[in-house]
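One-letter residues, chain by chain:
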Amino acid sequence: MGAYLSKRLSYIMIILAAASLMIFCLYAMTPGDFISSNIKLSAERKAELREIYGLNRPVLERYWTWLTHALRGDLGYSLAQQRPVLALFNTYIWNSFLLAVVSTFFTWVIAVIVGVVAAYRQYSWFDTLVMIVIFGAMSIPSFFIGLFLIKIFAVDLHLLPPGGITTTGSNAVGWAHVQEVIKHMTLPVAVMTLLGTGSLTRYFRSNMIDVIRQDYIRTARAKGVKESKVLFGHALRNAMLPAITLVGFELPALFGGSLIIEKIFNWPGIGQLYIQSFGQRDYPLLMGFTMLIAILTVIGTLLSDVLYRIADPRVKL
Amino acid sequence: MSSVSGAAAPGRGAKTAVKSSMWRQSVRLLLKNKLAIAGLVIVVLMFLACFIGPMFSPYADNKTNMRIMNRAPNLQHWLGTDKLGRDVLTRVLLAGRISLTVGLASMVLSVTLGTLLGALSGFFRGVVDQVIMRVADLLLTIPSLPLLFIFGALLSDWKVPPENRMYIVMLILSLVNWPSMARMIRGQMLSLREREFMQATTVLGLNNKRKLFHHLLPNLIPLIIVIATLNIGGAILSESVLSFFGLGVTAPTPTWGNMIDAANNLIDFQERPWLWMPPGLSIFITVIAINIFGDGLRDVLDPKQKR
């Protein structure tokens, strides 16, 4: 295990270094920079600013500067907001996390319950209905369903706010503030839950179907164990086992925000920050965000492999 | 089932006979799955409507007509007109041509690339495998949406004419999608090459080309067909996201994604849902039909994966 971990970690380091170089070059290739979008500046002033920010240096030199700073835990200053990138991440990431954590919770609860019942009654009308809804959830363009729900619930029915995290100009505190945030997050959470539930329910359903056919389930029934206990005690526990690998894959989604949902619902999360910075070519921030997701992705993959090993000792790493 | 068709067949003639009966059996099984057939019918209808439908539309020239702009759906214009007086129904169908073509073409590209690279990597192992898989790892590490954003922005910088943008969008989507395909094919290759029928080909002294193209890849065809089908839906969704953000195919070429862009205008969004709802529903219906059909196909062609 120790040798395996050190091998994996060194490979992760190499892949991350290669990925960061590639991302840096790609961002450097994207047309325009932070300064060229400002039409108020004269040509001389632009050249002067590029000199100050080091934007006129060769790409590799800039990359080296970025890398050495990043390794020391300094992701640089956002050009547009004049604040350290890490401080900005710390402000925005928790808004994203709030959405992600609540929707992940609902997604898992719904997926487990619906998946188990659908598997138990395989080929019943309920199961068919679930399958159709699952396919529906997997086929909706996320931005479209977001717009659609805003149109119905916010514009037509005036039940929920169309976007943002609080009402503009509101300075409610305490319980009133919490209520306001809950109201604002209902729609984005609903969309994220809907989008996530599809594939996860399918996953639990097929795992459960595999487990129900096993001999030990028949044994449990033969012993006269209550059906609910067979299902949720014996079967579900074993059906959940492979799902432990999914925990790692949730990692980027938990902290990386959702670009599309946050944009549609104007949610002040890290994904929205990224889209805004992309328009402004705020390189330090773009670079920081992309690397953050890349790091979370590789760590998540490693985590799921290790967790799987712990959960199922038969698996060799 | 598939290894039998490849290994047990002694001669060429017998091989085709075994193969065709396998395919006939699959078709028969598929026809029993009503849901999958319904999906297939919807996909075919969608293709027909988009590629033939506009020919019967009196508004197919896509001409602007300021006198009838922003009309709600009525008898002349079943889905109303847009801000330039163009018929929305005709535009949705024309957009469908682009979206479906992009989805189909980028699927073909990424599946071909992924299959080829995955097969080479799993078959030859060693250095080839290392190089291909490290590149795949690299592309999988970088989050795909930012990658698509960057490529989209580059696209605008290269001053690609709008009518050619769709070809580049296809390339971009397949570039992002091939690694996962390659990984899966590689895994399958690694297990297939250890099977008895492959030892037999070694004993027979067959060369690599023949082993790869006559004995290994035919066994993967059912799996490839299933993944390819499901990939079309994914590609249509990705294209719509890119175009919605103005980074994919841009106006005046309509696609389902960039038509929904009308919703970014507050008045159009609130007062004129006929501008952005039909393209969104078209995406939804097409992709759900493709997914249901693909799932039915999987049950038939790849029974190991059966639910």
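Residues numbered from 1 in each chain as written. Chains lettered and ligands numbered in written order. Predicted model: local features only at pLDDT ≥ 70, side-chain atom pairs only at ≥ 80, totals over all residues. Heavy atoms only, no water.

## Section: the overall build of chain A
- Each helix and strand counted, chain A has 13 helices and zero strands in total.
- The order of α-helices and β-strands along chain A, N terminus first, is α-α-α-α-α-α-α-α-α-α-α-α-α.
- Overall, the C-alpha framework of chain A stretches about 85 × 60 × 35 Å when taken along its three principal axes.
- Surface exposure of chain A reaches about 16000 Å², of which carbon and sulfur atoms provide 66%.
- Side chains of chain A give 27 positive and 17 negative charges; the mean places of these two sets differ by 9 Å. (Helix = DSSP H or I, 4+ residues; strand = E, 2+ residues; numbered from the N terminus. Areas by Shrake-Rupley, 256 points an atom, 1.4 Å probe, with all protein chains shown as cover. Lys, Arg positive; Asp, Glu negative; His and termini not counted. Charge placed at Lys NZ, Arg CZ, Asp CG, Glu CD.)

## A few points about the nonpolar core
- Core analysis: the largest hydrophobic core is formed by 134 residues, its most contacted members being Tyr 27 and Tyr 274 of chain A.
- Considering every element that reaches this core, the biggest residue donor is helix α9 (residues 208-244) of chain B, with 14 residues.
- Discounting residues that sit within four places of it in the chain, Tyr 274 of chain A has contacts with Tyr 27, Leu 259, Leu 286, Phe 289 and Thr 290 of chain A together with Pro 146 and Phe 149 of chain B.
- Of all hydrophobic cores here, the second largest spans 20 residues; its members include Val 112, Leu 200, Ile 209 and Ala 239 of chain A. (Core = buried A, V, L, I, M, F, W, Y, C linked by side-chain atoms within 4.5 Å. Buried < 20%, exposed > 50% of the residue type's maximum accessible area, 1.4 Å probe, protein only. Contact = heavy atoms within 4.5 Å.)

## As for the interface of chain A and chain B
- Contacts between the two partners involve 47 residues from chain A, matched on the other side by 41 residues from chain B.
- Note on chain A versus chain B: buried area summed over both sides is about 3900 Å², and carbon and sulfur give 83% of it.
- Put simply, chain A and chain B have one salt bridge between them.
- For the salt bridge of Arg 202 of chain A with Asp 295 of chain B, the shortest nitrogen-to-oxygen distance reads 3.0 Å.
- Counting the contacts that link chain A with chain B gives five residue pairs in polar contact (both at pLDDT 80 or more).
- Those elements that place two or more of their residues in the side of chain A that touches chain B are α1 (2-29), α5 (125-139), α6 (142-156), α7 (174-212), α11 (259-264), α12 (270-280) and α13 (283-311) of chain A.
- Among the elements that line the side of chain A that touches chain B, the one with the most residues is α1 of chain A, at ten residues.
- Residues belonging to the side of chain A that touches chain B are distributed by class as follows: 35 nonpolar, six polar and six charged. (Buried area = accessible area lost by both parts, 1.4 Å probe. Salt bridge = Lys/Arg side-chain N within 4 Å of Asp/Glu carboxyl O. Polar contact = N/O pair within 3.5 Å; in protein donor to acceptor, adjacent residues only side chain to side chain. Nonpolar A, V, L, I, M, F, W, Y, C, P; charged D, E, K, R; others polar.)

## Concerning helix α6 (residues 144-157) of chain B
All names here are of chain B.
- Under the 1.5 Å per step criterion, the end-to-end length of α6 is 20 Å for 14 residues, consistent within 8% with the ideal 20 Å.
- Within α6, ten of the 14 residues are buried, leaving the element largely enclosed by the surrounding structure.
- Among the residues of α6, Pro 146, Leu 147, Leu 148, Phe 149, Ile 150, Phe 151, Gly 152, Ala 153, Leu 154 and Leu 155 are the ones counted as buried.
- In the segment just after α6, Lys 159 is the residue with positive phi, at about 55 degrees. (Expected span 1.5 Å × (residues − 1).)

## A closer look at the layout of surface pockets
Residues and elements named next belong to chain A.
- Space inside the second largest pocket adds up to approximately 550 Å³.
- Tyr 53, Arg 62, Thr 65, Trp 66 and Pro 284 are the residues nearest the centre of the second largest pocket, which is lined by 22 residues in total.
- At five residues, the largest contribution of residues to the lining of the second largest pocket is made by helix α3 (residues 59-71).
- The residue inventory of the lining of the second largest pocket, partitioned by class, reads twelve nonpolar, six polar and four charged. (1 Å grid on protein atoms, 1.4 Å probe; cavity = no way out; pocket = protein on both sides within 12 Å on 5 of 7 lines; lining within 4 Å. Points joined across faces, edges and corners; volume = space filled by probe spheres on them.)

## Remarks on the confidence of the model for chain B
Residues and elements named next belong to chain B.
- The predicted model of chain B has a mean per-residue pLDDT of 82, with 90% of residues at 70 or higher.
- Residue range residues 1-14 is modelled with pLDDT below 50. Its contacts to residues more than four positions away, or to other chains, number 15 contacts.
- Across the interface, the model reports ipTM at 0.82; the global pTM reads 0.84. (pLDDT = per-residue confidence, 0-100.)

## Describing the packing of α1 of chain A against α3 of chain A
All names here are of chain A.
- α3 packs onto α1 with a crossing angle of 130 degrees between their chain directions and a minimal axis gap of 10 Å. Regarding the angle of α1 to α3, the classification is oblique. Handedness of the α1/α3 crossing: right-handed. Here α1 contributes Ala 17, Ser 20, Leu 21, Phe 24, Cys 25 and Ala 28 to the contact with α3, which in turn contributes Val 59, Leu 60, Arg 62, Tyr 63, Trp 66 and Leu 67.
- For the contact of α1 with α3, the class distribution of residues is ten nonpolar, one polar and one charged. (Axes fitted to C-alpha atoms, helices over the stretch in contact; angles between N-to-C directions. Parallel < 35°, antiparallel > 145°, perpendicular 65-115°, else oblique. Left-handed = near helix turned anticlockwise from the far one by under 90°.)

## Quick notes on the side chain of Asp 129 of chain B
Residues and elements named next belong to chain B.
- Mapped onto the secondary structure, Asp 129 falls in helix α5 (residues 126-141).
- Since its relative accessible area comes to 8%, Asp 129 is described here as buried.
- At 2.7 Å, the side chain of Asp 129 and the side chain of Arg 186 are in polar contact.
- In contact with Asp 129, other than residues within four places in its own chain, are Ser 121 and Arg 186.

## Remarks on the side chain of Thr 104 of chain A
- Looking at the element boundaries, Thr 104 of chain A is found in helix α4 (residues 85-120).
- The contacts of Thr 104 of chain A, once residues within four sequence positions are left out, are Glu 250 and Leu 254 of chain A.

## Quick notes on the packing of aromatic side chains
- As enumerated under the stated definition, the model contains 21 aromatic pairs over all chains in all.
- Ring geometry for Trp 125 of chain A versus Phe 126 of chain A: centroids 6.3 Å apart, planes at 85 degrees, classification edge-to-face.
- On the basis of relative accessibility, which here comes to 27%, the residue Phe 126 of chain A falls in the partly exposed class.
- When the ring of Phe 244 of chain B is compared with that of Phe 245 of chain B, the centres are 5.5 Å apart and the planes differ by 75 degrees; the resulting orientation is edge-to-face. Across the pair, exposure class does not vary: Phe 244 of chain B and Phe 245 of chain B are buried alike.
- Positioned over the ring face of Phe 278 of chain A is Arg 281 of chain A, at 5.0 Å from the centre of the ring.
- The ring of Phe 123 of chain B has Arg 193 of chain B lying over it, and the distance from NZ or CZ to the ring centre is 5.8 Å. (Phe/Tyr/Trp six-rings, centres within 6.5 Å; stacked < 30°, edge-to-face > 60°. Lys NZ or Arg CZ within 6 Å of the ring centre and 35° of its normal.)

## As for unusual backbone geometry
- The backbone of Gln 82 of chain A sits at a positive phi, close to 50 degrees, despite the residue not being glycine.
- Relative to the assigned elements, Gln 82 of chain A resides in the loop between α3 and α4.
- Here Arg 125 of chain B, not a glycine, exhibits a phi torsion of approximately 50 degrees, which is positive.
- Secondary-structure assignment places Arg 125 of chain B in the loop between α4 (88-124) and α5.

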